[in-house]
Amino acid sequence: MKIQLKDITMRFDHTTAVDHLNVTIEEGKLVSLLGPSGCGKSTTLYMLAGLYRPSEGELYFGERLVNKIEPENREIGMVFQNYALYPHLTVLKNIMFPLKMAKVPKKEAEARAKEMAALVQIDHLLDRKPSQLSGGQQQRVAIARALVKKPKLLLLDEPLSNLDARLRLEMREEIRRIQQEVGITTIFVTHDQEEAMSISDHVLLMKDGRMQQYSAPQDMYDYPKNKFVAQFLGNPPINIFPAKLSDDLQTIVLQDTRETLQLEAPISDPAAMNGDYELGIRPEDFYIETDSVKAGLKVETIRVERIGRDNLLNAKLGQINLRAIISPDVKINKGDMITLGIRPGRARLFDSSSGHNLLH
Amino acid sequence: MQKEALSKGFIYLLLILGSILMLLPFVWMISTSLKLPNEVMIMPPKWIPSDIQWSNYIEAWFSAPFAIYSVNSVIVLISSTIGELITTILAAYAFSRINFYGRELIFSVLLGTMMVPGEVLLIPNFVTLSNLGWIDHYQALIVPWLASIFSIFLLRQFFFSIPKELSFAAKIDGCSDFRFLWSVMVPLAKPALITIAILKAIGSWNAFLWPLIVTSSEEMRTLPVGLISFSTDAGTRYELLMAASSMIILPMIILFIVLQKYIIEGVARAGIKG
Ligand SMILES: Nc1ncnc2c1ncn2[C@@H]1O[C@H](COP(=O)(O)OP(=O)(O)OP(=O)(O)O)[C@@H](O)[C@H]1O
Ligand SMILES: [Mg+2]
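Residues numbered from 1 in each chain as written. Chains lettered and ligands numbered in written order. Predicted model: local features only at pLDDT ≥ 70, side-chain atom pairs only at ≥ 80, totals over all residues. Heavy atoms only, no water.

### A closer look at empty space enclosed by the protein
Okay, so step 1: Counted under the stated rule, the structure contains 5 cavities of 30 Å³ or more.
Okay, so step 2: Taken as a whole, the largest cavity encloses approximately 60 Å³ of empty space.
Okay, so step 3: Lining the largest cavity are Ile76(A), Gly77(A), Met78(A), Phe80(A), Pro98(A), Arg145(A), Ala146(A), Lys149(A), Ala169(B), Ile172(B) and Asp173(B).
Okay, so step 4: At the level of secondary structure, the elements contributing two or more residues to the lining of the largest cavity comprise strand 6 (76-79) and helix 4 (135-147) of chain A together with helix 8 (164-172) of chain B.
Okay, so step 5: In terms of residue count, strand 6 of chain A provides more of the lining of the largest cavity than any other element does, 3 residues in total. (1 Å grid on protein atoms, 1.4 Å probe; cavity = no way out; pocket = protein on both sides within 12 Å on 5 of 7 lines; lining within 4 Å. Points joined across faces, edges and corners; volume = space filled by probe spheres on them. Helix = DSSP H or I, 4+ residues; strand = E, 2+ residues; numbered from the N terminus.)

The structure is reproduced here in structure tokens:
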């Protein structure tokens, strides 16, 4: 089912939790709702579920306006952060509960519940109570219960946040597998960027109730619309340097060290000349420049750490600390002055006041 | 290690002393119920009767219409317990899950009424009931006891501990609020409800003053009221009184033993003492 949010706004007494959200989610896609704590992810999900009624805007499921439709008539399934399983019912009864409410005959309900249990691989646990299950198993029960009515939209509110690191990895692949097997449109709330990047078709990044960017994960990483997006994604985070633009609209001058950097093409907007800018470069977009004739940033090494395959270089450019991921072959010592090159096309330039990315 | 054992020993000693203190009146009651009339008041007191009189029990049972009293007591107990459970469930749900204007204020006022001693209410309640023409009817024995603020408070605390997501999940599953209350919240609150029911049952079974005031005919009396028939102008037949008392408390003791696991759980979970 295609989902459309048009100018969706949710106000509580003192806060605007969601502010004029405009998003279209295509049928069968998995979309992650990503953002820092309190940015309105759960609120958005609750509005989609029909548990909250939007203060403004229109919500369409397919062609149908659903603003006033009750949750049970929306053809949705939902998994809550704490799973919200019925503690007094067995796994089988939990999964059957939505069918029982829909007055599906008992035999059929049981068969369908068992089929779902098999899909999420908990068919050996049917007689247990939720308290006798591990976190991962409880989550599978919650997914089975959400899917048993064959909904057209699956909503997941931080379903992995109670699991340990290893299980999280496993379960997120599991969610992706189930989602693709069933082919259901899915919205997945998380505040873990890596989780969002790895399983979704599209990521919707929010901050303070506003949409920051809505695009495919790799696009969001490569072409962030603004500084917030660029900083939110990536670990270690992007390096930011205050800068100015020279008259040719193509040369960036770093404020601190007065070093210059050529853009591939001039900025199109001539009014841009007098503004304050911030140059953003991801740690992996640096490389060590050995050819002293070529352009690059002269930095002083503070420390080199080994992180897995790569080395993480901590260095100082003037007064500003930066981090770069470099090949482990190069021997560098503390205090060494080195030149860091920037991979072509990988520099980002943000307007200091608005945060907009001027290059993409 | 040794210190721990010592403190444990001390705790056990206290508990044993406490239990003995609590049990003594019961033992004395049973001992008296088996005595000959002339042994009841002798000094020094005798703990073990010289001649065990089982016949006291038979005589006690037939010296007043205890069969009628029992039926009345059972009717009052069952209807007031079921009634109270229903009002408590509905009220606790409203006070914990429905957001209405002045909810907290109304609830505090209700809690405040717990401070009023029951004796103060005897006369106003009596006047109300006699205006309704209910005196000497079952309604008088049952209706005033159909709601208890304490029970509502206990259950409300329990309902608060049920996460809000559970009701959201139920809503999505197509379960109405009313259905959610009966098929999810009530089963979850079973320990608290059993506690409430038992406290109510004991209270109702042992109630004396109120049934005494609102009943006048023999046919409407309950068991505790029936006990006064052993005190006459000619004096009190203590051994028969004790035999009847022993018979009366027996069902409550059995009920308590069978359900004590739930009582302790319910009181402990709600975090307050009964
Ligand atoms: N029922 C409510 N009443 C008042 N304010 C609320 C309510 N629910 C949420 N808010 C506020 O709305 C904002 C968004 O909350 P929301 O729960 O949607 O955040 P979130 O993105 O899900 O955060 P988290 O990652 O911590 O779960 C917050 O500022 C929150 O305090
Ligand atoms: Mg949330």
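### A word on the layout of surface pockets
Residues and elements named next belong to chain B.
Okay, so step 1: Empty space within the largest pocket amounts to approximately 1,200 Å³.
Okay, so step 2: In terms of lining, the largest pocket is formed by 33 residues, of which the most central are Pro144, Trp145, Ala147, Ser148 and Lys200.
Okay, so step 3: Listed by contribution, the elements that provide at least two residues to the lining of the largest pocket are helix 3 (66-97), helix 5 (118-132), helix 7 (149-160), helix 10 (190-206) and helix 11 (209-214).
Okay, so step 4: Residue composition of the lining of the largest pocket, by class: 19 nonpolar, 11 polar and 3 charged. (Nonpolar A, V, L, I, M, F, W, Y, C, P; charged D, E, K, R; others polar.)

### What to know about the interface of chain B and chain A
Okay, so step 1: Contact with chain B, which involves 16 residues of that partner, is made by 21 residues of chain A.
Okay, so step 2: Note on chain B versus chain A: buried area summed over both sides is about 1,700 Å², and carbon and sulfur give 69% of it.
Okay, so step 3: Considering only the side of chain B, the residues that lose the most area to chain A are Phe168(B), Ile172(B) and Asp173(B), jointly responsible for 39% of the buried surface there.
Okay, so step 4: Between the two partners, chain B and chain A, sit 1 salt bridge.
Okay, so step 5: Between Asp173(B) and Arg145(A) there is a salt bridge; the shortest N-O distance is 4.0 Å.
Okay, so step 6: Summed over the shared surface of chain B and chain A, the result is 4 residue pairs in polar contact (both at pLDDT 80 or more). (Contact = heavy atoms within 4.5 Å. Buried area = accessible area lost by both parts, 1.4 Å probe. Salt bridge = Lys/Arg side-chain N within 4 Å of Asp/Glu carboxyl O. Polar contact = N/O pair within 3.5 Å; in protein donor to acceptor, adjacent residues only side chain to side chain.)

### Comments concerning the sheet that holds strand 16 (residues 297-307) of chain A
All names here are of chain A.
Okay, so step 1: Ordered by their spatial adjacency, 5 strands build an open sheet running 15-19-16-17-18, and the pairing between neighbours is antiparallel. Of all the strands in the sheet, just strand 15 (286-288) and strand 18 (320-326) have a single pairing partner and so form its edges. Between one strand axis and the next, the sheet turns through 50° on average, direction left out of account.
Okay, so step 2: Two strands pair when backbone bridges link them, and strand 17 (residues 310-317) and strand 18 are joined in this way by 7 bridges, in the antiparallel orientation. What sits directly across from Asn314, in strand 18, is Arg323. (Pairing = 2+ DSSP bridges. Axes fitted to C-alpha atoms, helices over the stretch in contact; angles between N-to-C directions.)

### Some details on a positive patch on the surface
Okay, so step 1: Positive charge collects at one region of the surface, where Lys93(A), Lys100(A), Lys103(A), Lys106(A) and Arg179(B) lie side by side.
Okay, so step 2: Mapped onto the elements, Lys100(A) comes out in helix 2 (residues 91-101). (Patch = residues over 30% accessible without salt bridge, like charges linked within 9 Å, V, L, I, M, F, W, Y side chains within 5 Å. Areas by Shrake-Rupley, 256 points an atom, 1.4 Å probe, with all protein chains shown as cover. Lys, Arg positive; Asp, Glu negative; His and termini not counted. Charge placed at Lys NZ, Arg CZ, Asp CG, Glu CD.)

### Section: the site of ligand 1
Residues and elements named next belong to chain A.
Okay, so step 1: With respect to spatial proximity, 13 residues lie near ligand 1, and among them Ser37, Gly38, Lys41, Ser42 and Thr43 are the closest.
Okay, so step 2: A distance of 2.8 Å separates an oxygen atom of ligand 1 from a polar side-chain atom of Lys41.
Okay, so step 3: Protein chains bury 62% of the 630 Å² of accessible surface belonging to ligand 1 in isolation.
Okay, so step 4: Looking at the shell around ligand 1 element by element, the count peaks at 3 residues for helix 1 (residues 41-49).
Okay, so step 5: Tallied by class, the residues present in the shell around ligand 1 amount to 4 nonpolar, 7 polar and 2 charged. (Near = heavy atom within 4 Å.)

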